[in-house]
Amino acid sequence: MTTVYLVRHATPDWSRTEIRYDIPPGPPLTPQGEAEAAQLGAFLRENGVQRLYSSPLERARRTAEIAAGIAEADVMEAEAIAEWQRGELESAVLERFLPFWTASTLESAATGAVVLVSHGGPIRLMLEHLGVDRNELLFYRKQFDRDNPLPPAGAWRVSRPHAAVAWQIELAFTPQSFRRYEPQTVVV
């Protein structure tokens, strides 16, 4: 089984406007964010995760460190999954993210579930690239903060038993309750 979790960092201190959000270090986590990261860690432990990769920005790195401590997993930094930088094109974000995604899926197939702690924008692009239904993404983007397809410390599970099968993609975890997307059936 190949399983990769696309995780958004926990809640940062967005009031720190003197710190750019897109270059290290970026704003730190709030106490709420640290609590969210701990909840994420419990979820990852329950799912047997052994390896987390983190964006180099402090909010993602700290989320990964807290979660990994609880899950008893390793953490490594990965520039490829960093925040969308000012002026960076969607194609450039995907160009840097996709090779790392491929390597992560190969690692997962060999060793078990892998976690990528990144940011809402890059995760949205990956979900679109992987073919998540546009209406589902719009539904979640309206439900969560800052037009993101998942809340702080939320996790999308992307899995499949082997390469010949389509990815199964679901919003698997959030630190607070949320409404699940339900596709609308059209009666003719």
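Placed above this text is the structure.
Quick summary incoming for the structure in this document. Please read these numbers as outputs of a predicted model, since none were measured by experiment. (Residues numbered from 1 in each chain as written. Predicted model: local features only at pLDDT ≥ 70, side-chain atom pairs only at ≥ 80, totals over all residues. Heavy atoms only, no water.)

## Considerations on the pairing of strand β4 (residues 114-118)
Successive residues of a regular strand alternate their side chains across the two faces of the sheet.
Okay, step 1: In terms of residue burial, β4 counts as a mostly covered element, since five of its five residues are buried.
Okay, step 2: The two faces of β4 match: Val114, Leu116 and Ser118 on one face and Val115 and Val117 on the other face are all buried.
Okay, step 3: With five bridges connecting them, strand β1 (residues 2-8) and β4 associate as parallel partners. By the bridge assignment for β4, Val4 is matched with Val114.
Okay, step 4: As defined by bridge partners, strand β2 (residues 51-54) adjoins β4 across four bridges and the pair is classed as parallel. By the bridge assignment, Leu52 is partnered in β4 with Val115. (Buried < 20%, exposed > 50% of the residue type's maximum accessible area, 1.4 Å probe, protein only. Helix = DSSP H or I, 4+ residues; strand = E, 2+ residues; numbered from the N terminus. Pairing = 2+ DSSP bridges.)

## Considerations on the pattern of salt bridges
Note on pairing: side chains with opposite charge can pair once their charged atoms come close.
Okay, step 1: Within this structure, the stated rule accounts for 12 salt bridges.
Okay, step 2: The salt bridge involving Glu65 is made with Arg62; its shortest N-O contact spans 3.5 Å. Taken together, the residues Glu65 and Arg62, both in helix α2 (residues 58-71) and three residues apart, mark about one turn of the helix.
Okay, step 3: For Glu65, a relative accessible area of 32% translates into the label partly exposed.
Okay, step 4: The network of salt bridges with shared partners includes Arg61, Arg62 and Glu65. (Salt bridge = Lys/Arg side-chain N within 4 Å of Asp/Glu carboxyl O.)

## Quick notes on the packing of helix α1 (residues 31-46) against α2
Okay, step 1: Interhelical geometry of α1 versus α2 gives an angle of 45° and a closest axis separation of 7 Å. Accordingly, the angle class assigned to the pair α1 and α2 is oblique. Helix-helix and strand crossings are classified by hand; for α1 and α2 the assignment is right-handed. Here Glu34, Ala37, Ala38, Leu40, Gly41, Ala42, Leu44 and Arg45 of α1 come into contact with α2, specifically with Arg62, Thr63, Ile66, Ala67, Ile70 and Ala71. (Axes fitted to C-alpha atoms, helices over the stretch in contact; angles between N-to-C directions. Parallel < 35°, antiparallel > 145°, perpendicular 65-115°, else oblique. Left-handed = near helix turned anticlockwise from the far one by under 90°. Contact = heavy atoms within 4.5 Å.)

## A closer look at the pairing of strand β3 (residues 74-77)
Okay, step 1: In this structure, β2 lies alongside β3, joined through four bridges in parallel fashion. What sits directly across from Leu52, in β3, is Val75.
Okay, step 2: In terms of handedness, the path from β2 via α2 over to β3 forms a crossover that is right-handed. (Right-handed = clockwise from strand over helix to strand, strands pointing away.)

## Comments concerning α2
Okay, step 1: Given a rise of 1.5 Å per residue, 14 residues ought to cover 20 Å, and the 19 Å separating the end C-alpha atoms of α2 matches this to within 8%.
Okay, step 2: Contacts from the buried residues of α2 go to α1, β2, β3 and β4.
Okay, step 3: Glu72 sits one or two residues past α2 and shows a positive phi near 55°. (Expected span 1.5 Å × (residues − 1).)

## Side note on the packing of aromatic side chains
Okay, step 1: Applying the stated criterion across every chain, the model contains 10 aromatic pairs.
Okay, step 2: Ring plane angle 75° and centroid distance 5.1 Å describe the contact between Phe139 and Tyr140, whose orientation is recorded as edge-to-face. Neither Phe139 nor Tyr140 differs from the other in exposure class; each is buried.
Okay, step 3: Following the ring pairs from residue to residue traces out a cluster consisting of Phe139, Tyr140, Phe144, Trp156, Phe178 and Tyr181.
Okay, step 4: Sitting over the face of the ring of Trp167, Arg160 holds its NZ or CZ atom 3.9 Å from the ring centroid. (Phe/Tyr/Trp six-rings, centres within 6.5 Å; stacked < 30°, edge-to-face > 60°. Lys NZ or Arg CZ within 6 Å of the ring centre and 35° of its normal.)

The values are spatial; any link to function lies outside them.
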